[in-house]
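Residues per chain, in single letters:
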Amino acid sequence: MSGGPSRMISRVRWLFSRAEHGWHRAGAARFVPLGAALMFALVVWVFVELADDAPEGDYLVLENRVLQALQPGGEPIGGPVVVSAMRDITALGGAVVIIVLTILILGYLWLCRRYRVALLIAVATAGGQGVNAILKQAFARERPAATLHLVEVRSPSFPSGHSMAASIFYLTNGALLARMARRRREKAYLAGCALLLTGAVGFSRVYLGVHYPTDVLAGWCAGAAWAIVCWFVVDRLARRGALRGENVPAQPGLR
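Since the model is a prediction, treat every value here as computed from it, not as a measurement.

Student: If you had to explain the confidence of the model for the protein chain to someone new, which residues and values would you point to?
Tutor: Scored by pLDDT, the protein chain has a mean of 81; 82% of the residues are at 70 or more. The low-confidence segment residues 249-255 (pLDDT under 50) makes 27 contacts with residues lying over four places distant or belonging to another chain.

Student: If you had to explain the nonpolar core to someone new, which residues and values would you point to?
Tutor: One finds F47, F158 and Y170 to be the most contacted residues of the largest nonpolar core, which totals 24 residues. If you list the elements that add at least two residues to this core, you get helix 2 (31-53), helix 7 (161-180), helix 8 (184-207) and helix 9 (213-239). Ranked by residue count, the leading element in this core is helix 7, at 7 residues. Setting aside residues no more than four positions away along its own chain, Y170 makes contact with L92, I98, L101, A194, L197 and T198. Judged by nonpolar contacts, the second largest core, of 12 residues, contains L67, L150, Y207 and V216.

Student: Now, about a negative patch on the surface: what can you tell me, with residues and values included?
Tutor: A cluster of acidic residues, E49, D52, E56 and D58, forms a negative patch on the protein surface. The topology assignment puts D52 in helix 2.

Student: I'd like to hear about helix 6 (residues 115-139), residue by residue, with values.
Tutor: Note: α-helices contain 3.6 residues per turn, so residues at a spacing of three or four share the same orientation. The end-to-end C-alpha distance of helix 6, which contains 25 residues, comes to 36 Å, matching closely the 36 Å that a straight helix rising 1.5 Å per residue would cover. Burial in helix 6 covers these residues: V117, A118, I121, A124, T125, G128, N132, L135 and K136. Backbone geometry just downstream of helix 6 places A140 in the positive-phi region, at approximately 50 degrees.

Student: Run through the side chain of S157, naming residues and quoting values.
Tutor: Locating S157 in the fold gives a position in the loop between helix 6 and helix 7. Leave out the neighbours within four places in its chain, and S157 touches K136, R141, E142, R143, P144, V210, H211, Y212 and D215.

Student: Explain unusual backbone geometry to me, using residue names and the numbers behind them.
Tutor: The amide bond that connects F158 to the next residue, P159, takes the cis arrangement and shows omega of -10 degrees. Examined against the element boundaries, P159 turns out to sit in the loop between helix 6 and helix 7. Backbone geometry places R113, a non-glycine residue, at a positive phi of 60 degrees. Among the structural elements, R113 can be located in the loop between helix 5 (95-111) and helix 6. Notably, A140 is not glycine yet its phi reads approximately 50 degrees, a positive angle. By secondary structure assignment, the location of A140 is in the loop between helix 6 and helix 7. Given a relative accessible area of 46%, A140 falls into the partly exposed group.

Student: Could you give an account of the packing of aromatic side chains, naming the residues involved and the relevant values?
Tutor: Evaluation of the coordinates by the stated rule reveals 7 aromatic pairs. Between W231 and F232, the ring centres sit 5.1 Å apart and the planes meet at 75 degrees, which makes this aromatic pair edge-to-face. We classify W231 as buried; its relative accessible area is 13%.

Student: Describe helix 3 (residues 60-70), and please don't skip the residues or the numbers.
Tutor: When helix 3 is considered as a whole, its buried residues turn out to be E63, N64, L67 and L70. One face of helix 3 carries all of its buried residues, which in axial projection span an arc of 120 degrees. With respect to the buried face of helix 3, the exposed residues turned more than 90 degrees away are V61, L62 and R65. Against helix 8 and helix 9 lie the buried residues of helix 3.

What counts, and at which threshold
Residues take numbers from 1 onward in each chain, read along the sequence in its written order. Where totals are concerned, whole chains, interfaces and linings use all residues; where local detail is concerned, this predicted model gives features only for residues with pLDDT of at least 70, and gives and counts side-chain atom pairs only at 80 or more. Water and hydrogen atoms play no part in the side-chain values, which are based on all heavy atoms of the structure. pLDDT expresses, on a scale from 0 to 100, how confident the predictor is about each individual residue. A contact between two residues is defined here by any heavy atoms of the two lying within 4.5 Å. Side-chain atoms within 4.5 Å link the members of a nonpolar core, which is a set of buried Ala, Val, Leu, Ile, Met, Phe, Trp, Tyr and Cys residues. Partly exposed residues are those whose accessible area sits between 20% and 50% of the maximum for their type, while under 20% is buried and over 50% is exposed, using a 1.4 Å probe and protein chains only. Helix numbers and strand numbers start at the N terminus; a helix is a DSSP run of H or I with at least 4 residues, a strand a run of E with at least 2. Patches were defined on residues exceeding 30% relative accessible area and lacking a salt bridge, with like-charge contacts within 9 Å and nonpolar side-chain contacts (Val, Leu, Ile, Met, Phe, Trp, Tyr) within 5 Å. In short, Shrake-Rupley with a 1.4 Å probe defines the accessible areas, and a residue's cover is counted only from the protein chains shown. Think of a salt bridge as a Lys or Arg side-chain nitrogen and an Asp or Glu carboxyl oxygen that are within 4 Å of each other. When charges are counted, Lys and Arg are positive and Asp and Glu negative, with His and the chain ends excluded. Lys charges are placed at NZ, Arg charges at CZ, Asp charges at CG and Glu charges at CD. What a helix is expected to span follows from its residue count: subtract one and scale by 1.5 Å. Classification of ring pairs uses Phe, Tyr and Trp, with its six-membered ring standing for Trp, and accepts pairs whose centres are within 6.5 Å; under 30 degrees between planes counts as stacked, over 60 as edge-to-face, and the remaining range as tilted. To obtain the arc, one takes the directions from the helix axis to the C-beta atoms.

This is how it looks when you write it as structure tokens:
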């Protein structure tokens, strides 16, 4: 009986090694586009559901509770220090910061003569901003009235422009950098950073009282959908050799 646990551990290790071998033999890259397609379908479905219900106030009672919980008695949780930090975080999804970072990235790519990649990032960022402006005007949802607005806002509320811009910018660039990375931990780190920044910007908009939670969720979904489309374009061009010499691998497999 004493050898039972060790035999079980050895068996589990063998199963994991066989699974990993089968994954690489089949080609991990084959599963990545499928996963991206499923994720695209999911975020589009969530956005459509939110767009159908949220602007009409179907979730308003719950959303106001969330907003008021972050500002109990009209005072934001954490006081001035947290408010200041959230204002800094929310700026990461603002137009000025996104434009400046995009210009800096485009300059670097231009110096490296990765012209096609630079063009793709420019189109993805500018196009996403245009789509967000169209969506905001189409739904024309009013900003939350149940809490203080701790930053100045002027545009309609649905979907959250900061959340969508952060999703497009950080997820698109994170995915592109992850394609260039060689090791799994590098890919995971870059993807994690992109998700962390996107999530932090969205949460800051709710904390600052200028967006309903569904505005942020819709912004994340719309931005993620746009980023996935951009990823598919890059993947397609890479497979066709159109990005040859751009240092973008044609296969997004894990190593």
